[in-house]
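Architecture and fold: a report
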Amino acid sequence: MTAPTPAAPLVTPLHALHVELGARMVPFAGYDMPVQYPLGVLKEHLHTREKAGLFDVSHMGQARLVGPDRIAALEALCPGELVKLKEGRQRYTVLTNDAGGILDDLMITNRGDDLFLVVNAACKDADLAHIDAHLAGFDASLERLEDRALVALQGPAAVGVLSGLDARAADMVFMSGMWLSLDGVDCFVTRSGYTGEDGYEISVPADKADALARRLLADEAVEAIGLGARDSLRLEAGLCLYGSDIDTSTTPVEAGLTWIIGKRRREEGGFPGAAVIQKQLAEGAPRLRVGLKPEGRAPVRAHAEIQDLDGNAVGEVTSGGFGPSLEGPMAMGYVPSALAAEGTKVTVMVRGKALAATIVPMPFQPHRYHRG
């Protein structure tokens, strides 16, 4: 009996462009994706911080929720305050399970006649099936947007580049969204991203994505950026990666995401796991996500054991690496609440050796969002 042939990886509408640009391609969330280009991860990271980087995030899931009950339907699945989400505004939230754990994090934009959703690539099929399955009893329906690509233009030069194609881009503020005409193509654009920098995410028709990407890359301020720098940028910004820093075993309170739970939602509940989350809000969570600054220059990787100063295992690193903007290592992980105070000394095990580290506030690199 022969073994089944593994499924060929999926590709985004920009796959041929990545190959043309000399990207090193790797499997990621079922897709063949660029981890880096000839510029290299370090220079790609610094270029995004200094000018503008273009990221292909078309592997992520895009969908629209329509119908008069769309807000009530989604509030029944997440702790976000959506009733007060004004048209043209975006919100970050999470889908929770009955234990208060996080099924995924996602972005929701109120576009007036629908809610525009962007979910993570690895979870998108499960997320959208989960939402669809819970629409019974609501006058709402979910439509997957399979014919659209998604690119992110991030960095301080992003506003100049994009407003050169549509001047209205400059008037947008952080976590807002609107339709723009980019090179004659109708694109839904949000002023957001996952690097800690000012920038935009652009939902573009899949058959127009290659031409738009080339137009943006033609600007001398813009370089193509791969998954490697995307990860170091988001870690410097103290942002969670689903499947690493948050998952079904972590609650929003443990993850330091209490800010996503609106006052009304804290009081009323009405979402999966509300009782668990409300109890943690009132009494504190047993453990918390913290930033870690290891001594020296050796990077600390995910799954490294965190110990107290007596050598007892107290937690685990969930993300770690070298911060090009910091010129040093950084990490985040979970420790008991009693050890989560800023300045607490711990040790992290790296290749069998105990490395001194300090609990520090996040982000490691200041956010530079354009709040108006």
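Attention here is on the structure that accompanies the text.

By the bridge criterion, five bridges tie strand β1 (residues 24-28) to strand β2 (residues 31-36) in an arrangement that is antiparallel. Of the residues in β2, the one forming a bridge with Val 26 is Met 33. Here β1 folds back onto β2 in antiparallel fashion, the turn holding two residues, of which Ala 29 has a positive phi close to 50°.

For the rest of this paragraph, the subject is the packing of helix α2 (residues 41-50) against helix α7 (residues 227-236). Here α2 crosses α7 at 55°, and the two axes come no closer than 8 Å. Between α2 and α7, the angle is such that the two are oblique. By crossing handedness, the relation of α2 to α7 is classed as right-handed. Only Gly 228, Ala 229, Ser 232, Leu 233 and Glu 236 of α7 make contact with α2, whose side of the interface consists of Val 41, Glu 44, His 45, Thr 48 and Arg 49.

With that settled, consider the pattern of salt bridges. Counted under the stated rule, the structure contains 22 salt bridges. Here Arg 64 ties to Glu 143 by a salt bridge, and the two come within 2.8 Å at their closest N and O atoms. Of the two residues, Arg 64 sits in strand β4 (residues 61-66) while Glu 143 sits in strand β8 (residues 141-144), which places them 79 residues apart along the sequence.

On to the sheet that holds strand β3 (residues 52-56), then. With respect to topology, six strands assemble into an open sheet ordered β10-β11-β12-β9-β3-β13, the strand pairing being mixed. The open sheet has two free edges, formed respectively by β10 (177-182) and β13 (222-224), since each of these has just one partner strand. Pairs of neighbouring strands in the sheet enclose a mean axial angle of 30°, with direction left out of account. Direction of pairing for β3 relative to β13: parallel, over a ladder of three bridges. Across the sheet, residue Leu 54 finds its bridge partner in β13, namely Ala 224. On top of the sheet, α2 reaches β3, β9 (148-154) and β13; it is set at about 120° to β3, its chief contact. Across the face of the sheet, helix α6 (residues 209-217) comes into contact with β3, β9, β10, β11 (185-190), β12 (199-205) and β13 while running at roughly 150° to β12.

Let us now look at the packing of aromatic side chains. On inspection of all chains with the given rule, the structure shows four aromatic pairs. A centroid spacing of 5.8 Å and a plane angle of 20° characterise the contact between Tyr 92 and Trp 259, whose relative ring orientation is stacked. Placement of the pair is Tyr 92 in strand β5 (residues 90-96) and Trp 259 in the loop between α7 and α8 (263-268), with a sequence separation of 167 residues. Ring geometry for Phe 116 and Phe 188: centres 5.4 Å apart, planes at 70°, overall edge-to-face. Residue Phe 116 is located in strand β7 (residues 115-119), and its partner Phe 188 is located in strand β11; the two are separated by 72 residues in the primary sequence. Here Phe 116 falls in the buried class, since its relative accessible area comes to 3%. Since its relative accessible area comes to 2%, Phe 188 is described here as buried. One aromatic cluster is present, formed by Phe 116, Trp 179 and Phe 188 through successive ring pairs. Sitting over the face of the ring of Tyr 334, Arg 287 holds its NZ or CZ atom 4.5 Å from the ring centroid.

Another point: the environment of Lys 293. Along the chain, Lys 293 turns up in strand β14 (residues 287-294). Residue Lys 293 is classed as partly exposed on the basis of its relative accessible area, which comes to 30%. For Lys 293 and Gly 343, which are 50 residues apart along the polypeptide, the C-alpha to C-alpha distance reads 9.9 Å. In contact with Lys 293, not counting residues within four places along its chain, are Gly 328, Pro 329, Ala 356, Ala 357, Thr 358 and Val 360. A distance of 3.0 Å separates a polar side-chain atom of Lys 293 from the backbone oxygen of Pro 329.

Cis geometry is found at the peptide bond from Met 362 to Pro 363, where omega equals 5°. Tracing the sequence through the fold places Pro 363 in the segment after β19 (353-360). At Asp 183, a position not held by glycine, the phi torsion is positive, near 60°. Classification of Asp 183 by relative accessible area gives partly exposed; the value is 42%. Phi angles above zero are rare outside glycine, and Glu 327 is one such case at about 60°. With respect to the secondary-structure elements, Glu 327 resides in the loop between β16 (313-323) and β17 (328-336). Look at Glu 327 and you get exposed, because its relative accessible area is 59%.

Rules used throughout
Residues numbered from 1 in each chain as written. Predicted model: local features only at pLDDT ≥ 70, side-chain atom pairs only at ≥ 80, totals over all residues. Heavy atoms only, no water. Pairing = 2+ DSSP bridges. Helix = DSSP H or I, 4+ residues; strand = E, 2+ residues; numbered from the N terminus. Axes fitted to C-alpha atoms, helices over the stretch in contact; angles between N-to-C directions. Parallel < 35°, antiparallel > 145°, perpendicular 65-115°, else oblique. Left-handed = near helix turned anticlockwise from the far one by under 90°. Contact = heavy atoms within 4.5 Å. Salt bridge = Lys/Arg side-chain N within 4 Å of Asp/Glu carboxyl O. Phe/Tyr/Trp six-rings, centres within 6.5 Å; stacked < 30°, edge-to-face > 60°. Buried < 20%, exposed > 50% of the residue type's maximum accessible area, 1.4 Å probe, protein only. Lys NZ or Arg CZ within 6 Å of the ring centre and 35° of its normal. Polar contact = N/O pair within 3.5 Å; in protein donor to acceptor, adjacent residues only side chain to side chain.

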